[in-house]
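Letter by letter, the chains look like this.
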Amino acid sequence: MTSTASTTLAAAAPSSSASGKLRLVLVTLAVVAAAELIGPVQFSVGPGKVALLPMLWALLIAAAWGIAHRRVPGVVRVATAEQSFAGGLLNAGLLLFVVKLGLTVGAALPQVKQAGWALLFQEFGHALGTLALGLPLALLLGIKREAVGATFSVGREGNLVIIGEKYGMASPEGRGVLAEYITGTVLGALFIAVLAGFVASLHVFDPRSLAMGAGVGSGSLMAAALGAIAAQQPAEMLPQLTAIAAASNLLTTVVGFYFTLFLSLPLCSWLYGKLEPVLGRFSKRGSQDAGTAAVSQASVGHGGAMSLRDTLIAWAVVGGGVLIGNSLTYKVPVLVSLEGLAAVVVIALIVEGIKRLVPRLPMVLVLSVVATVAGIPGLFPFSDALIAITGKLNFLAFTTPVLALAGFSVAKDLPVFRQLGWRIVVVSLTATAGTFLGATVIAEFFH
């Protein structure tokens with residue numbers, strides 16, 4: 001599957017010049033600063049509240065900036081080549097985010113252990129919640145086999161690999177999972193943040209259940225959902241909620257791949273055969289959306305492995321964004337933040353070096369395990385000091401630069417995104433809601 005994944009996800013994109021890369025770095029940091037200065041904005045929707053946090057402002061500002069790049073002065077323009085490069089920076093920059101999550105899990109391992117069986121069983125909610133809500137809706141809207149690809153998962157990279165291997169990306173199932181991928185990339189973080197924040201404001205679920213629901217298997221979606229949830233909880237709960245969400249997200253990323261491969265995809269395909277003759281008759285549409293047929297493989301992915309130089313650029317962007325957010329929003333002195341950030345980078349650099357020696361190494365999994373073990377209190381002589389200095393780095397400060405890069409990255413995909421049609425978009429977002437709500441409901445039985 002590895003070769004299929006790289007072939008599927010690799011996209012031909014114009015290369016960015018050195019000046020373009022520098023421009024992207026500076027503009028991204030400016031967007032982060034602007035987002036942090038705007039700060040959180042809350043408003044009521046019926047009985048609940050919606051919180052728009054700096055990370056969402058960063059996503060929206062960057063996306064708008066990228067879309068309007070032809071009207072932006074050249075000195076601050078982020079053109080298509082730089083938008084493609086931003087996707088690569090996003091993938092590499094998420095490694096620092098993973099280290100922070102791992103350290104948080106290690107430091108709060110006692111609280112994570114208390115979650116117990118809930119962590120295991122809530123995975124069924126992540127695996128089956130997408131098709132439980134998304135598949136019937138897709139069939140009622142007249143979507144055909146695309147519904148299988150769009151609703152068996154949340155459509156992240158590993159799910160593209162599964163569909164590509166089984167059906168091929170040119171198949172209806174392939175078009176469906178591509179639609180889910182693009183919808184999740186463009187709207188997923190914004191949608192799940194609004195949904196999670198609203199659900200949290202209703203005070204129906206235990207915050208720990210919501211944190212488990214946030215671990216949908218995507219770093220950016222988890223960050224968006226957790227940020228919205230944590231913003232409505234006491235500050236002292238943030239480490240515990242972050243640890244639980246990170247553990248859930250890791251479990252969904254690793255075990256969830258096999259859940260979708262052996263459980264949700266076969267079940268989704270079987271249910272399609274049973275339900276389509278019944279629900280499909282309620283729709284007047286006899287064929288799949290024309291828009292989904294226009295999705296191309298080139299719209300997915302942002303190239304292959306990055307050079308060490310570009311990886312360091314990614315870490316500079318995310319690290320710089322962390323320093324800005326930690327200083328502006330959380331009032332932590334820059335020098336104090338630098339100590340913790342240096343420790344995070346060292347861990348990432350060690351695993352990155354091992355990865356380059358052993359290319360088949362599952363980078364995210366190994367990085368998560370190393371960071372988690374290093375962060376267990378008292379396990380190593382340096383563990384307590386490591387926890388102390390990295391604890392000064394606020395988790396939400398990592399999310400703002402990550403989502404700023406995501407905003408620039410998806411800007412170039414919007415022309416294709418518009419061709420997908422509203423039905424597949426609604427279905428994709430419903431599937432995302434299903435995985436969050438399904439896991440949250442199951443986890444609630446244990447709290």
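Note that the coordinates shown come from a computational prediction; the quantities given were computed from them, not determined experimentally.

Caption draft 1: Inspection of the overall build of the protein chain at higher detail. Within the protein chain, the secondary structure is distributed over 20 helices and two strands. Across the 447 residues that make up the protein chain, the buried fraction comes to 57%. Pairs at least 24 apart in sequence give 83% of the contacts found in the protein chain among residues at least 6 apart. Carbon and sulfur atoms make up 69% of the accessible area of the protein chain, which amounts to about 17600 Å² in all.

Caption draft 2: View of the pattern of salt bridges. Inspection of every chain in the model, using the stated rule, returns six salt bridges. Note that E276 is salt-bridged to K144, the shortest N-O span being 2.8 Å. Of this pair, E276 sits in helix α12 (residues 238–279) while K144 sits in the loop between α6 (117–140) and α7 (146–151), and the two are 132 residues apart along the sequence. Take E276: its relative accessible area is 18%, and that puts it in the buried class. Notably, a salt bridge pairs R356 with E352, separated by 2.7 Å at the nearest N-O pair. In this pair, R356 and E352 are both assigned in helix α15 (residues 334–357), four residues apart and thus about one turn of the helix distant. Under the relative-accessibility criterion, R356 is labelled partly exposed at 40%. By relative accessible area, E352 is classed as buried at 8%. Salt bridges sharing common partners tie together K21, R309 and D310.

Caption draft 3: Highlighting the environment of V317. Here V317 lies in helix α14 (residues 308–328). The exposure class of V317 is buried, given its relative accessible area of 1%. Spatially, the C-alpha atom of V317 lies 8.8 Å from that of V402, the residues being 85 residues apart in sequence. When residues no more than four places from it in sequence are discounted, the contact partners of V317 are V25, T28, L29, L89, P401 and L405.

Caption draft 4: Geometry of the packing of aromatic side chains. Scanning all chains against the criterion turns up three aromatic pairs. Between F121 and F446, the ring centres sit 5.7 Å apart and the planes meet at 20°, which makes this aromatic pair stacked. In this pair, F121 is assigned in helix α6 and F446 in the segment after α20 (422–444), connecting sequence segments 325 residues apart. Since its relative accessible area comes to 39%, F446 is described here as partly exposed. Between the aromatic rings of F380 and F382, the centroid separation amounts to 5.3 Å while the plane-to-plane angle is 0°, which identifies the pairing as stacked. Under the relative-accessibility criterion, F380 is labelled partly exposed at 34%. Each member of the aromatic cluster is reached from another via a ring pair, and the members are F121, F124 and F446.

Caption draft 5: Spotlight on the environment of I376. For I376, the location among the structural elements is in the loop between α16 (363–374) and α17 (383–390). Sequence separation between I376 and L109 is 267 residues; the distance between their C-alpha atoms is 7.0 Å. If near-sequence neighbours (up to four positions away) are discounted, I376 is found in contact with G106, L109, S383 and I387.

Caption draft 6: Just the nonpolar core, in detail. One finds L89, F97, V99, M222, F408 and F436 to be the most contacted residues of the largest nonpolar core, which totals 87 residues. When residues in this core are grouped by element, the largest group, 14 residues, is from helix α4 (residues 80–107). When residues no more than four places from it in sequence are discounted, the contact partners of M222 are F97, L101, A214, G215, A245, A246, N249 and F395. L141, A179, L265 and V425 belong to the second-largest nonpolar core, a separate cluster that totals 29 residues.

Caption draft 7: Up close: the packing of helix α11 (residues 219–230) against helix α18 (residues 395–411). Direction vectors running N to C along α11 and α18 enclose 130°, while the axes themselves pass 10 Å from each other. The pairing of α11 with α18 is recorded here as oblique in orientation. Once α11 is placed against α18, the crossing between them reads as left-handed. On α18, the residues that touch S220, M222, A223, L226 and G227 of α11 are F395, L396, T399 and L403. Class assignment for the residues of the contact of α11 with α18 results in six nonpolar, three polar and no charged.

Caption draft 8: Region of the structure containing a nonpolar patch on the surface. A surface patch of nonpolar side chains, about 800 Å² in accessible area, is lined by W117, L120, F121, F124, L263, V441, F445 and F446. Sort the elements by how many residues they give to the nonpolar patch and α6 lands first, with four residues. On the secondary structure map, V441 appears in helix α20. For V441, a relative accessible area of 36% puts it in the partly exposed group.

Caption draft 9: How the structure looks around α15. With 24 residues, α15 should reach 34 Å at 1.5 Å per residue; the first-to-last C-alpha distance of 34 Å fits that figure. Every buried residue belonging to α15 is among S337, G340, L341, A343, V344, I347, A348, V351 and E352, and all of these are buried. Buried-residue contacts for α15 involve α4, α14, α16 and α17.

Caption draft 10: Quick peek at unusual backbone geometry. The backbone of H203 shows a phi angle near 60°, a positive value even though the residue is not glycine. Mapped onto the elements, H203 comes out in the loop between α9 (172–201) and α10 (207–214). Residue classification places H203 among the exposed residues on the basis of a relative accessible area of 62%. Although it is not a glycine, K331 adopts a positive phi angle of roughly 55°. Topologically, K331 is positioned in the loop between α14 and α15.

Caption draft 11: Highlighting the side chain of T430. Within the secondary structure, T430 sits in helix α20. Non-local contacts of T430, meaning those with residues more than four positions away in its chain, are made with L133, G134 and L137.

Rules used throughout
Residues numbered from 1 in each chain as written. Predicted model: local features only at pLDDT ≥ 70, side-chain atom pairs only at ≥ 80, totals over all residues. Heavy atoms only, no water. Helix = DSSP H or I, 4+ residues; strand = E, 2+ residues; numbered from the N terminus. Buried < 20%, exposed > 50% of the residue type's maximum accessible area, 1.4 Å probe, protein only. Contact = heavy atoms within 4.5 Å. Areas by Shrake-Rupley, 256 points an atom, 1.4 Å probe, with all protein chains shown as cover. Salt bridge = Lys/Arg side-chain N within 4 Å of Asp/Glu carboxyl O. Phe/Tyr/Trp six-rings, centres within 6.5 Å; stacked < 30°, edge-to-face > 60°. Core = buried A, V, L, I, M, F, W, Y, C linked by side-chain atoms within 4.5 Å. Axes fitted to C-alpha atoms, helices over the stretch in contact; angles between N-to-C directions. Parallel < 35°, antiparallel > 145°, perpendicular 65-115°, else oblique. Left-handed = near helix turned anticlockwise from the far one by under 90°. Nonpolar A, V, L, I, M, F, W, Y, C, P; charged D, E, K, R; others polar. Patch = residues over 30% accessible without salt bridge, like charges linked within 9 Å, V, L, I, M, F, W, Y side chains within 5 Å. Expected span 1.5 Å × (residues − 1).

So, to be careful, I would describe these as geometric facts and stop short of saying anything about function.
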